[in-house]
Amino acid sequence: MVKKKENIGNFRDLEVYRKALIFSNKIYRTVESYPSFERNNLVDQLRRASSSVYSNIAEGNANYYYRKEYDRLNTSIGSISECRAFLDMSVMQKYITKETYEYLDKEAEEIVKMLVGLMNRIERIEGEAS
């Protein structure tokens, strides 16, 4: 059975949305110092992936069906994982310091945990419907 939401919440009230938005802003500021030849590669990829995290959280939260929200949260996990991979390359290329890398990676890991928590909640709700 497809489980519908009783109401559509405001995605801006979600702590994980706010955290992902701030994370993306930090990524945008961080990549400003990357070499100009990375503008159409690593910089663009990091910006897009970090923007995908909060935008998919917002889109999923606004869906009428829990399963669609679940799918968008899963996409957000994929996007934050992309960010982490691009940060791996960034530190290897010495575009960022190890401290910046560790700080951003830790924030990304916190976002992943929060997303998994929301997905687990949806699984419980859908389990109750069956």
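Quick summary incoming for the structure in this document. (Residues numbered from 1 in each chain as written. Predicted model: local features only at pLDDT ≥ 70, side-chain atom pairs only at ≥ 80, totals over all residues. Heavy atoms only, no water.)

### Remarks on the overall build of the protein
Thought 1: Looking only at helices and strands, the protein features four helices and zero strands.
Thought 2: Along the chain direction, N to C, the helices and strands of the protein fall in the order α-α-α-α.
Thought 3: When the backbone C-alpha atoms are referred to their principal axes, the protein occupies close to 50 × 20 × 20 Å.
Thought 4: Sequence separation of at least 24 residues holds for 74% of the intrachain contacts in the protein that already meet a minimum separation of 6. (Helix = DSSP H or I, 4+ residues; strand = E, 2+ residues; numbered from the N terminus. Contact = heavy atoms within 4.5 Å.)

### Considering the packing of helix 1 (residues 15-30) against helix 2 (residues 39-61)
Thought 1: Put simply, helix 1 and helix 2 touch, their axes get as near as 9 Å, and they point 165 degrees apart. The orientation of helix 1 with respect to helix 2, classified from their angle, is roughly antiparallel. The element helix 1 and its partner helix 2 pack so that their crossing is left-handed. Here helix 1 contributes Val16, Tyr17, Ala20, Leu21, Phe23, Ser24, Ile27 and Tyr28 to the contact with helix 2, which in turn contributes Leu46, Arg47, Ser50, Ser51, Val53, Tyr54, Ile57 and Ala58.
Thought 2: Per-class residue counts for the contact of helix 1 with helix 2 are 12 nonpolar, three polar and one charged. (Axes fitted to C-alpha atoms, helices over the stretch in contact; angles between N-to-C directions. Parallel < 35°, antiparallel > 145°, perpendicular 65-115°, else oblique. Left-handed = near helix turned anticlockwise from the far one by under 90°. Nonpolar A, V, L, I, M, F, W, Y, C, P; charged D, E, K, R; others polar.)

### Considerations on the pattern of salt bridges
Opposite charge on two side chains allows them to pair when their charged atoms are near.
Thought 1: Per the stated rule, a full pass over the model turns up eight salt bridges.
Thought 2: Here glutamate 107 and lysine 26 are joined by a salt bridge, their closest N and O atoms 2.7 Å apart. With a gap of 81 residues between them, glutamate 107 in helix 4 (residues 98-129) and lysine 26 in helix 1 connect regions that are remote in the sequence. Considered together, glutamate 107 and lysine 26 belong to a single accessibility category, that of buried residues.
Thought 3: For arginine 84, the salt bridge identified is with glutamate 109, shortest N-O distance 2.6 Å. With arginine 84 in helix 3 (residues 66-92) and glutamate 109 in helix 4, the pair connects residues that are 25 residues apart, well separated along the chain.
Thought 4: Residues joined in a network through salt bridges with shared partners are Arg84, Asp105 and Glu109. (Salt bridge = Lys/Arg side-chain N within 4 Å of Asp/Glu carboxyl O. Buried < 20%, exposed > 50% of the residue type's maximum accessible area, 1.4 Å probe, protein only.)

Interpretation in functional terms is not warranted from these geometric data alone.
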